[in-house]
Amino acid sequence: MDINERFQLAKKDYEKLGIDVEKALEKLSKVKISIHCWQGDDITGFEVEERSLSGGIDVTGNYPGKARNPKELRMDLEKALSLIPGKHKVNLHAIYAETDGVAVDRNEIEPKHFKNWVDWAKKMDLGLDFNPTLFSHPKAEVATLSHPDEEIRDFWIEHCKKSRNIGEYFGKELGQPCLTNIWIPDGYKDIPSDRLTPRKRLKDSLDKIFEEKIDEKYNIDSVESKVFGIGLESYTVGSHEFYMNYAAKNNKIYLLDAGHFHPTEVISDKIPSLLLFNDKVALHVSRPVRWDSDHVITFDDELQEIAKEIVRNDALDRVIIGLDFFDASINRVAAWVLGTRNMIKALLFALLMPNDELKKLQEEGDFTKRLVLMEELKSYPLGDIWNYYCHINNVPIQDEWYSIVKEYENEELSKRK
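Residues numbered from 1 in each chain as written. Predicted model: local features only at pLDDT ≥ 70, side-chain atom pairs only at ≥ 80, totals over all residues. Heavy atoms only, no water.

### Looking at the pairing of strand 3 (residues 127–131)
- The buried count for strand 3 comes to five of five residues, which makes it a mostly enclosed element.
- Here strand 3 shows no split at all, with Gly127, Asp129 and Asn131 on one side and Leu128 and Phe130 on the other all buried.
- Relative to strand 3, strand 2 (residues 89–93) runs parallel, the two being bridged by five bridges. Note that in strand 3 the partner of Val90 across the bridge is Leu128.
- With helix 4 (residues 115–124) bridging strand 2 and its parallel neighbour strand 3, the resulting β-α-β unit is right-handed. (Buried < 20%, exposed > 50% of the residue type's maximum accessible area, 1.4 Å probe, protein only. Helix = DSSP H or I, 4+ residues; strand = E, 2+ residues; numbered from the N terminus. Pairing = 2+ DSSP bridges. Right-handed = clockwise from strand over helix to strand, strands pointing away.)

### Regarding the pattern of salt bridges
- Inspection of the entire model under this criterion finds 29 salt bridges.
- The partner of Lys89 in a salt bridge is Asp129, with the nearest N and O atoms 2.7 Å apart. Of this pair, Lys89 sits in strand 2 while Asp129 sits in strand 3; the two residues are 40 residues apart in sequence, bridging distant segments of the chain. Residue Lys89 shares its accessibility class with Asp129, and that shared class is buried.
- Its salt-bridge partner being Arg164, residue Asp221 comes within 2.9 Å of it at the nearest N-O pair. Taken together, the residues Asp221 in strand 6 (residues 219–224) and Arg164 in helix 5 (residues 150–174) connect sequence positions 57 residues apart.
- What emerges from the salt-bridge pattern is a single network uniting Arg68, Glu72, Asp76, Glu412 and Arg416. (Salt bridge = Lys/Arg side-chain N within 4 Å of Asp/Glu carboxyl O.)

### A short note on the state of the cysteines
- What the rule picks out here adds up to zero disulfides.
- A disulfide-free cysteine, Cys160 has its sulfur positioned 13 Å from the sulfur of Cys178, the nearest such atom.
- With no disulfide partner, Cys178 has as its closest neighbouring cysteine sulfur the one in Cys37, 12 Å distant. (Disulfide = S-S within 2.5 Å.)

### Focus on the pairing of strand 8 (residues 253–257)
- Within strand 8, five of the five residues are buried, which leaves the element mostly enclosed by the surrounding structure.
- Because side chains alternate across strand 8, one face comprises the buried residues Ile253, Leu255 and Asp257, and the other comprises Tyr254 and Leu256, equally buried.
- Both strand 6 and strand 8 contribute to a ladder of three bridges, which runs parallel. Within the sheet, the bridge partner assigned to Val223 lies in strand 8 and is Tyr254.
- Relative to strand 9 (residues 281–285), strand 8 runs parallel, the two sharing three bridges.

### Some points on the layout of surface pockets
- Of the volumes computed, that of the largest pocket is approximately 460 Å³.
- Lining the largest pocket we find 21 residues, and of these Lys27, Leu351, Met353, Asn355 and Asp356 sit closest to its centre.
- Elements represented by at least two residues in the lining of the largest pocket include exactly helix 2 (21–29), helix 9 (301–312) and helix 11 (355–364).
- When residues in the lining of the largest pocket are grouped by element, the largest group, four residues, is from helix 11.
- The residue inventory of the lining of the largest pocket, partitioned by class, reads 10 nonpolar, two polar and nine charged.
- If you trace the second largest pocket, you find 17 residues lining it, with Lys32, Lys89, Asp317, Val319 and Ile320 closest to the centre.
- Taken together, the elements giving at least two residues each to the lining of the second largest pocket come down to strand 4 (178–182) and strand 10 (319–323).
- The leading source of residues in the lining of the second largest pocket is strand 10, at three residues. (1 Å grid on protein atoms, 1.4 Å probe; cavity = no way out; pocket = protein on both sides within 12 Å on 5 of 7 lines; lining within 4 Å. Points joined across faces, edges and corners; volume = space filled by probe spheres on them. Nonpolar A, V, L, I, M, F, W, Y, C, P; charged D, E, K, R; others polar.)

### So, the packing of helix 4 against helix 5
- At a minimum axis separation of 10 Å, helix 4 and helix 5 run at an interaxial angle of 30°. By the angle between their directions, the pair helix 4 and helix 5 is classed as roughly parallel. Relative to helix 5, the crossing made by helix 4 is right-handed. Seen from helix 4, the contacting residues are Lys115, Val118, Ala121 and Lys122; seen from helix 5, they are Tyr169, Phe170, Glu173 and Leu174.
- Of the residues contributing to the contact of helix 4 with helix 5, the split by class is five nonpolar, no polar and three charged. (Axes fitted to C-alpha atoms, helices over the stretch in contact; angles between N-to-C directions. Parallel < 35°, antiparallel > 145°, perpendicular 65-115°, else oblique. Left-handed = near helix turned anticlockwise from the far one by under 90°. Contact = heavy atoms within 4.5 Å.)

### Some points on the nonpolar core
- If you look at the biggest cluster of nonpolar residues, it comprises 123 residues, and the most contacted ones within it are Trp117, Leu145, Phe170, Leu206, Leu283 and Leu347.
- Examining the composition of this core, we find that 13 residues originate from one element, helix 10 (residues 332–351), more than from any other.
- If we skip the residues at most four places from it in the chain, Trp117 touches Phe46, Leu73, Arg74, Leu77, Leu92, Tyr96, Glu98 and Leu128.
- Of all hydrophobic cores here, the second largest spans six residues; its members include Leu179, Ile220, Ile253 and Ile320. (Core = buried A, V, L, I, M, F, W, Y, C linked by side-chain atoms within 4.5 Å.)

### Digging into a negative patch on the surface
- Judged by side-chain charge, Asp149, Glu150, Glu151 and Asp154 come together as a negatively charged surface patch.
- Here Glu150 is to be found in helix 5.
- When its relative accessible area of 48% is taken as the criterion, Glu150 is described as partly exposed. (Patch = residues over 30% accessible without salt bridge, like charges linked within 9 Å, V, L, I, M, F, W, Y side chains within 5 Å. Areas by Shrake-Rupley, 256 points an atom, 1.4 Å probe, with all protein chains shown as cover. Lys, Arg positive; Asp, Glu negative; His and termini not counted. Charge placed at Lys NZ, Arg CZ, Asp CG, Glu CD.)

### Some remarks on the packing of aromatic side chains
- All told, the structure shown has 17 aromatic pairs when counted by the stated rule.
- An angle of 10° between the planes, with centres 6.2 Å apart, marks the rings of Phe242 and Tyr246 as stacked. Of this pair, Phe242 and Tyr246 both sit in helix 7 (residues 240–250), separated by four residues, roughly a single helical turn.
- Take Phe242: its relative accessible area is 13%, and that puts it in the buried class.
- Residue Tyr246 is classed as buried on the basis of its relative accessible area, which comes to 5%.
- Aromatic side chains Phe299 and Phe349 sit 6.0 Å apart centroid to centroid with 75° between the ring planes, which places their arrangement in the edge-to-face category. Residue Phe299 is located in the loop between strand 9 and helix 9, and its partner Phe349 is located in helix 10; the two are separated by 50 residues in the primary sequence. (Phe/Tyr/Trp six-rings, centres within 6.5 Å; stacked < 30°, edge-to-face > 60°.)

Fair warning: the whole summary comes from geometry, so function is off the table for now.
Have a look at this one:
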C-alpha cells in the first residue's frame, strides 16, 4: 500500500470524528517555525575576538562537524531545511555578524554586518528573527542591563538598540516581521541582600532601549524570563514576574522558554493565560531534563500539550514558535531536523483532534468520555497523515531523512577539524 492509499484510509478514521484533514494540513502549511542557528556551532558565533561561553550556558559533547564559519553554518542549515516540511524562519544571535575580519564590538553592530544572512534568506525564501547577545563577553561577567556601573549598562543598552535596528532591517528586506528577543543572564549565586535595585536598573535600561518606536510591521519586541542559571542559582533579575508585568505594561511580547521555569512547571499551562490578555505570545521550545539543559525536543507529552494549547485556542497566528536547543553530543544537522519535525508533527497531532467535542465534554462534566477519547486518539493513524504531509512537501518520510544526513556527514561534516 503506498503513501496516498494509507493517507486515504487514515483520513477516513479522522473524518469519523468530524476532522477535516485537508483543512488541518492547509493550516499547518502556513505555520513558520523559527529555527535557531546556534545548534549548528554550539553558540560560538563569528566574532573576531574569540569568547568563552558564559552566562550560565553550557554545551556538552564534541561530535565532529561543528560549523566553523558562516558559509558552513548556512550550508548545514540548508541541508536541514531541505528535510523539514514547510517554509520557516531562522533565528540569529548578534554574535553571528560578519565583519570581514574587523573587530566590531557589540555596541557597534549594524545591519550591513548581516547582509549576507539577508541575501541568503531571500534566496531560501526564509524569514529571520534576532537576539542581542548579552553573554560570553568581558562586559557581561558581572551583569548587563542591571549592572551597577552605568557605563557598562549603557554599553548593553546601545547593543540592544542596535539589535532592534537590525531586526527592523530584516523585516523591511524580507517582507515579514522579525522578532527581536531580549534575554539577560543577570543574577546572583547566593541570596541577595537587595532584590529590588537591580530590577529598577533593568526596568530603566529596557525603557531606554524601547524609546525608539519601530513599526511592528518590521520588528516585534519580546522579553524572556528565567528562573535561574548556573552561577545564578539564588536570584535572577529578569524573573517571570518582572518580565510578565513589564511586557503587559509596555505592550511588548512575553516569551516563554520551556527550560526557564521550575522543573515542576510547564509552559503549556501558561500559554492560555497569556493568550487571554495578550494579542501575541512567543515561545522558545526546548526539552529541559531536570534543569534548563536544552535537549533536542522529542515527541513527548509536554511538546504535545504545547501544540494542543496553541491549536485548541485557535492561536496558530498568535503564538510565535521558536526553538532553542543545542546538543553537541549528536549530529547537529540531525538535531535540527529531528527537533523541528517533532514540533511540526505535534502541531499536526493537535490539529487532528476533535477539540470542539473535547471542550463540550468537559463543559458537560463527561470526564469519562473525555479521557477515553483523548487516550484513543493517541493510537489513531497520525503517522500516515504525517508521511503524506512530508510527501507533498517533497521531504523524506519516517526516518528516511537520516540516511541523507549521514551521507552529508560523511561527505562534509567529517572533514571539519
